[in-house]
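Below are the chains, spelled out letter by letter.
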Amino acid sequence: MAKFSTSSKTDIFVHIGIIIALFLVFFFSFFFIYLPWSTNHGQSITVPDLKGMTLEEMEKALDDRDLDYEVSDCTFVAGAKPLSILTQYPKSGSSVKEGRKIYLTIVTATAPMVKLPDVIGRSESSAKNQLLSAQLVAGTTEMIPALEENTVLKMKFNGQEVKPGTLIPKGSTVVFVVGDGLGDQMVEIPNLVGMAADEAEILVSGQNLVLSKRYVGTVEGYADGTVVKQRPASEGNKIHIGDVIDVEIAGEAPTEEPIQNNN
């Protein structure tokens, strides 16, 4: 075995210098050669944009870059391609090390079931907002004769009437059946001829009808302000609630008096 002379101070300093040099070689080799090599220090991979890819396309894109993945969540999105990538982390364009795991959210093929909210009796605009909150879609509105104007009276799914609380797939389209404000109730047409215009208006309004007036000037045999003709005529006929009766009135249309300013 080789022996080192330590007979003088010089030999001792030489030996200490050799030990220090070996330590420094080991130190720098470990931190600047071995460690960077073992951890791929300074080498990075750009994360690809996986959004919208199928599972097969995603796996190939990650394999080509020596990256791994894990499905962290699954959710249903109406209109999105089933079993495609919805979101990813880290985001595309990020720099990561080889072997880094990319966390993915996948679009499920089957929609979860949600409860149809109770919007019966609500206005159409309010019902649409409530439907949106339940992650459902409002389809084309159907109008039916009913006095409840702009009010949801029924709901339909796939052409069939459905009740509130029914479970339907998330993202489904629901059709509102809404009242037109007129109704299908029929009333007899009153005979307005010979009646004063203001009285005729009160009578028509009381029967939930609308009076449309036209003044035709002096008419022989009728006092001014009197109904001389109506359409449709009474004669026992009936019309829908909310319909209009057109009348002609003798005389000139009254002029509105200017509003007096007492200040």
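As a starting point, this report considers the structure included with it. (Residues numbered from 1 in each chain as written. Predicted model: local features only at pLDDT ≥ 70, side-chain atom pairs only at ≥ 80, totals over all residues. Heavy atoms only, no water.)

With that settled, the discussion passes to the overall build of the chain. The number of helices and strands found in the chain is 4 helices and 17 strands. Counting only residues that meet the buried cut, the chain has 26% of its 263 residues in that class. Entry remark: accessible area of the chain is about 17,500 Å², with carbon and sulfur atoms responsible for 54%. (Helix = DSSP H or I, 4+ residues; strand = E, 2+ residues; numbered from the N terminus. Buried < 20%, exposed > 50% of the residue type's maximum accessible area, 1.4 Å probe, protein only. Areas by Shrake-Rupley, 256 points an atom, 1.4 Å probe, with all protein chains shown as cover.)

Another point: the sheet that holds strand 17 (residues 244-249). On the basis of which strands lie adjacent, the open sheet formed by 3 strands has the order 14-17-15 and mixed pairing. For this open sheet the edge positions go to strand 14 (210-215) and strand 15 (227-231), each flanked by a neighbour on one side alone. Here the average twist between neighbouring strands, direction ignored, is 25°. Bridging between strand 15 and strand 17 involves 4 bridges; their strand directions are antiparallel. Bridging across to strand 17, glutamine 230 finds its partner in valine 247. (Pairing = 2+ DSSP bridges. Axes fitted to C-alpha atoms, helices over the stretch in contact; angles between N-to-C directions.)

Turning our eyes to something else, we now look at a nonpolar patch on the surface. On the surface, Ile16, Ile20, Phe23, Leu24 and Phe27 cluster together into a nonpolar patch covering about 450 Å² of accessible area. Mapping phenylalanine 27 onto the fold places it in helix 1 (residues 9-39). Phenylalanine 27 sits in the partly exposed class, given a relative accessible area of 33%. (Patch = residues over 30% accessible without salt bridge, like charges linked within 9 Å, V, L, I, M, F, W, Y side chains within 5 Å. Salt bridge = Lys/Arg side-chain N within 4 Å of Asp/Glu carboxyl O.)

This brings us to the sheet that holds strand 5 (residues 101-107). Within a sheet, adjacent strands bond to each other through the backbone by hydrogen bonds, running parallel or antiparallel. The strand order across the open sheet formed by 3 strands is 2-5-3, and the pairing between neighbours is mixed. Edge positions in the sheet fall to strand 2 (68-75) and strand 3 (85-89), since each of these pairs with one other strand and no more. Direction aside, neighbouring strands of the sheet carry axes that sit 25° apart on average. Of the pairings in the sheet, the one linking strand 3 to strand 5 comprises 4 bridges and is antiparallel in character. Following the sheet pairing, glutamine 88 is matched in strand 5 by leucine 104. Strand contacts of helix 2 (residues 55-63): strand 2, strand 3 and strand 5, with the helix running at about 150° to strand 2, the strand carrying the most contacts. (Contact = heavy atoms within 4.5 Å.)

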